[in-house]
Amino acid sequence: MNPTIDHDERMRVRALGFHTRRPGAHPKPPEDWRAERTADRPAVADRVHGLELGAPVAWVRPCVSRRPVALAGLVDGRHIVLKWPDEDLDRTGSREAEILDLLHAAPLAPATRLALPSPVPLDAPGRVRAYDAVHPAVSLRDLLGAGVLGPGHIDALATALAGLHAAPWPAEVFDDPDMRMTVPAPRTTLLTVEEYSRGVGAEFDVWIRAMQRLSDCFAELHRDWDARSLVHFDLRDDNVLYGSGGRVRIIDWEFAAVGDPRYDVGYLVAQFVVHALRSRPGTRPALPAEALGMADRFTAAYFTHTPGGRDAVRTVVRYAGLVLLQHAGARLELFGSLGRTGHLCLLLAEGLLRHPETLADRLSTGCAR
Ligand SMILES: Nc1ncnc2c1ncn2[C@@H]1O[C@H](COP(=O)(O)OP(=O)(O)O)[C@@H](O)[C@H]1O
Ligand SMILES: [Mg+2]
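The next point concerns unusual backbone geometry. The linkage connecting His135 with the following residue, Pro136, adopts the cis geometry, with an omega of -5°. By the element assignment, Pro136 lies in the loop between β4 (129-132) and β5 (138-139). Here the phi dihedral of Phe233 falls at roughly 75°; this positive angle occurs in a residue that is not glycine. Looking at the element boundaries, Phe233 is found in the loop between β6 (229-231) and β7 (240-242). Accessibility expressed as a relative area gives 1% for Phe233, which makes it buried. Here the phi dihedral of Asp252 falls at roughly 65°; this positive angle occurs in a residue that is not glycine.

Below, the structure written as C-alpha cells:
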C-alpha cells in the first residue's frame, strides 16, 4: 500500500481508480483525531481477556485483519469472534453490526439465515462486537487452494446467496442514501494530472490505459445497474467460510448495500477465475477449464432459486470482468506491479466486458438450453 496516498485517494484507486462512494461512508475524521491513534493500544489477546464474555476464555487466536479481530474459545465450549472497529476508518460505529441487525430482523430463507453470523450480546464498553464463530472452519480460499472445492460447497453458497438476494426490504432501506450503492465502476476515466502522478505502481499506466479503453463498457454498466436487492459486495474467497458438514457462513458484511444482485454472482465467478489463473503457469489469457466448471455449477445452482435467462448471465459475466479489473488494481496498489496474474486479469476482464457472450453462452442460465 502506498503510504503517501490518503484515504480518499486510496479508495479512488481501489474503486477502480475513481471516486465511488462506499455505502455509509462518512467524511474522513478531522486531523486532530489522528493524534489519538498514537496512543498505546493493547494487543488483541489482552483486549479479549479484558472482556466479560459470560464464561472464562480458554484460548484466543488473533485473526488476519486490518482491524483488531480475534477468535476466542470459551471454557463452556462456545466459539466467538470479536471485532473492534478499524480505528483509522470507522469513526461512526460499526456499519457491519447495523447490517447484520437488519438481516436478522428480515424474513430470510432458512438456508440464508444459517449462513449469517449471529450477534452475541456483550456487556462490554467500547465498540467491540461479538458474533458466533465457525470453528473449526475452512475458507473458500483454502478449499480452492487445495483443489478440493466440491459441488456441495458451491451449491450451499449459491443457495444462501439466492436467499439473500430474494429477501424483501421495506422502502426505508431502499430509500436510505447510506444503503444504496452504484456499480463500482468509474463514471469517468479521465485523470487529472495530480491523479495521474499519484497513481500507484510501476505499471499504473498499463492499468489506466486498459481502464480508458473500457470507458464505454463502464457507461453501459452504470446504465444497466439494477439495484433491487441487498448485496454483500465483498464476496472474496476469505469471506466465505465452511464449518463442519460443509455448512456455509458468509462473513464480513461492512460493505453490504442495496445494489444489483448479479454483482455478487459475478464476484464469485471472478474468484474462481483468479484462483485458476494463480495456480496454473502460463501467460495465455484463456479461461481455465476448472474455473469454467466451477462457474457453471455456481450459476446453475444460483439460477435454480432465482429467475435467470441469457441476459442475467451476460450481466453476471460483465460484473465478473469488472471484479477482475478491481483485482488487478488491488495488486498494483498492494505489490506495486500487476505481475503475471494482474496482466492476465486485465486481458480477461477486457474480453469479458466487451464480449460477455463468449463466457455466458457456456454457463447455465437456469433455463432449458
Ligand atoms: N464468524 C466467524 N467465524 C470464524 N472466523 C471468523 C468469523 N468472522 C471473522 N472471522 C475471522 O476473522 C477474519 C477477519 O474477519 P472479517 O469479518 O473478514 O473482517 P475483515 O476482512 O474486514 O478484516 C476472517 O478472515 C476470519 O478468519
Ligand atoms: Mg474479510
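This is not the end of the story, as more comes after the structure.
One way to see where empty space is left: roll a probe the size of a water molecule over the atoms. For the structure shown, the criterion picks out 4 cavities of 30 Å³ or more. Lining the second largest cavity, in full, are Arg67, Lys83, Trp84, Pro85, Ser94, Glu96, Arg127, Arg129 and Tyr131. Of the residues belonging to the lining of the second largest cavity, the class tally is 3 nonpolar, 1 polar and 5 charged.

Throughout the structure, instances matching the rule amount to 9 aromatic pairs. For the pair Phe204 and Trp207, a centre-to-centre distance of 6.1 Å together with 40° between the ring planes defines the contact as tilted. Linking Phe204 with Trp207, this pair stays in helix α10 (residues 204-213), spanning 3 residues, or about one helical turn. Trp207 matches Phe204 in its accessibility class, with the two residues each being buried. With 5.6 Å between their ring centres and 80° between their planes, Trp225 and Tyr319 make a pair best called edge-to-face. Of the two residues, Trp225 sits in the loop between α11 (215-224) and β6 while Tyr319 sits in helix α14 (residues 310-335), which places them 94 residues apart along the sequence. Look at Trp225 and you get buried, because its relative accessible area is 14%. Since its relative accessible area comes to 0%, Tyr319 is described here as buried. One aromatic cluster is present, built from ring pairs that chain together Trp225, Phe233, Tyr263, Tyr267 and Tyr319. Between the NZ or CZ atom of Arg47 and the centre of the ring of Trp84, over which it lies, the distance is 5.3 Å.

Sheet architecture is open: 3 strands sit in the order β5-β7-β8, paired in antiparallel fashion. If you trace the sheet from one side to the other, it starts and ends with β5 and β8 (248-250), each paired once. Along the sheet, helix α7 (residues 151-166) makes contact with β7 and β8, crossing β8 at roughly 45°.

So, about the pattern of salt bridges. What the rule picks out here adds up to 20 salt bridges. Ionic pairing is found between Glu357 and Arg314, a salt bridge with its closest N-O pair at 3.3 Å. Pair noted here: Glu357 is in helix α16 (residues 357-360) and Arg314 is in helix α14, with a separation of 43 residues, a long-range link. Exposure remark for Arg314: the relative accessible area of 28% places this residue in the partly exposed category. Each of the salt bridges in this network shares a partner with another, and the network as a whole consists of Arg66, Arg67, Asp252 and Glu254.

So, about the site of ligand 1. Near ligand 1 you find 18 residues, and of these Ser65, Arg67, Lys83, Val134 and Asp252 are the closest. Arg67 is positioned with one of its side-chain polar atoms (N or O) 2.7 Å from an oxygen atom of ligand 1. Within the side chain of Lys83, a nitrogen or oxygen atom sits 2.4 Å from an oxygen atom of ligand 1. A total of 540 Å² of accessible area belongs to ligand 1 in isolation, and the protein chains cover 86% of it. Put simply, the parts of the chain that give the shell around ligand 1 at least two residues each are β2 (69-74) and β3 (79-83).

Across the chain, pLDDT averages 87, with 85% of residues at or above 70. With pLDDT under 50 throughout, residues 1-5 is counted as low confidence; its partners more than four residues away or in other chains account for 10 contacts.

Attention shifts here to the coordination of the magnesium ion (ligand 2). Within the protein, the atoms that donate to the magnesium ion (ligand 2) are Asn239 (OD1) and Asp252 (OD), at distances of 2.2 Å. Within this pair, whereas Asn239 is found in the loop between β6 and β7, its partner Asp252 is found in the loop between β8 and β9 (257-259), the two being separated by 13 residues in sequence. The class of Asn239 is buried, set by a relative accessible area of 4%.

The rules behind these values
- Residues take numbers from 1 onward in each chain, read along the sequence in its written order.
- Chains and ligands are labelled by the order in which they are written, letters from A for the one and numbers from 1 for the other.
- The predicted origin of the model limits local features to residues at a pLDDT of at least 70 and limits the giving and counting of side-chain atom pairs to 80 or more, whereas totals for whole chains, interfaces and linings rest on all residues.
- Calculation of side-chain values draws on the structure's entire complement of heavy atoms; hydrogens and water are dropped beforehand.
- The numbering of helices and of strands both runs from the N terminus, where a helix is a DSSP run of H or I of at least 4 residues and a strand a run of E of at least 2.
- Working definition: with a 1.4 Å probe on protein chains only, accessible area under 20% of the residue-type maximum means buried, over 50% means exposed, and in between means partly exposed.
- Here the term cavity refers to a set of points on a 1 Å grid, laid over the protein atoms alone, in which a 1.4 Å probe fits but cannot get out; the term pocket refers to an open set having protein on both sides within 12 Å along at least five of seven lines, with lining residues being those that place an atom within 4 Å of a point.
- Grid points are joined across faces, edges and corners, and a volume is the space filled by probe spheres set on the points.
- Polar here means any residue outside two lists: the nonpolar Ala, Val, Leu, Ile, Met, Phe, Trp, Tyr, Cys and Pro, and the charged Asp, Glu, Lys and Arg; Gly therefore counts as polar.
- Here is the rule: rings of Phe, Tyr and Trp (six-membered ring for Trp) pair when centre to centre is within 6.5 Å. Planes less than 30 degrees apart are stacked, more than 60 are edge-to-face, and the remainder are tilted.
- By definition, being over a ring means that NZ of Lys or CZ of Arg is both within 6 Å of the ring centre and within 35 degrees of the ring normal.
- The rule for pairing is simple: two strands pair if DSSP sees at least two bridges between them.
- Residue contacts follow a heavy-atom distance rule, with two residues in contact if any of their heavy atoms lie within 4.5 Å.
- The convention used is that axes are lines fitted to C-alpha atoms, helices contributing only their stretch in contact, and that angles between N-to-C directions extend from 0 to 180 degrees.
- Every case where a carboxyl oxygen of Asp or Glu lies within 4 Å of a side-chain nitrogen of Lys or Arg is listed as a salt bridge.
- A single heavy atom is enough: if one lies within 4 Å of a molecule or strand, its residue is considered near that molecule or strand.
- Each polar contact in these results corresponds to two N or O atoms within 3.5 Å; when the atoms are within protein, one needs to be able to donate a hydrogen and the other to accept it, and residues that are neighboring in sequence are counted only if both atoms are side-chain atoms.
- Only the protein chains shown count as covering a residue, and every accessible area follows the Shrake-Rupley method with a 1.4 Å probe.
- pLDDT: the predictor's confidence for each residue, scored from 0 to 100.
- Counted as donors are N, O and S atoms no farther than 2.8 Å from the metal, or 3.2 Å for Na, K and Ca; water is not among the atoms, and sites may therefore look incomplete.

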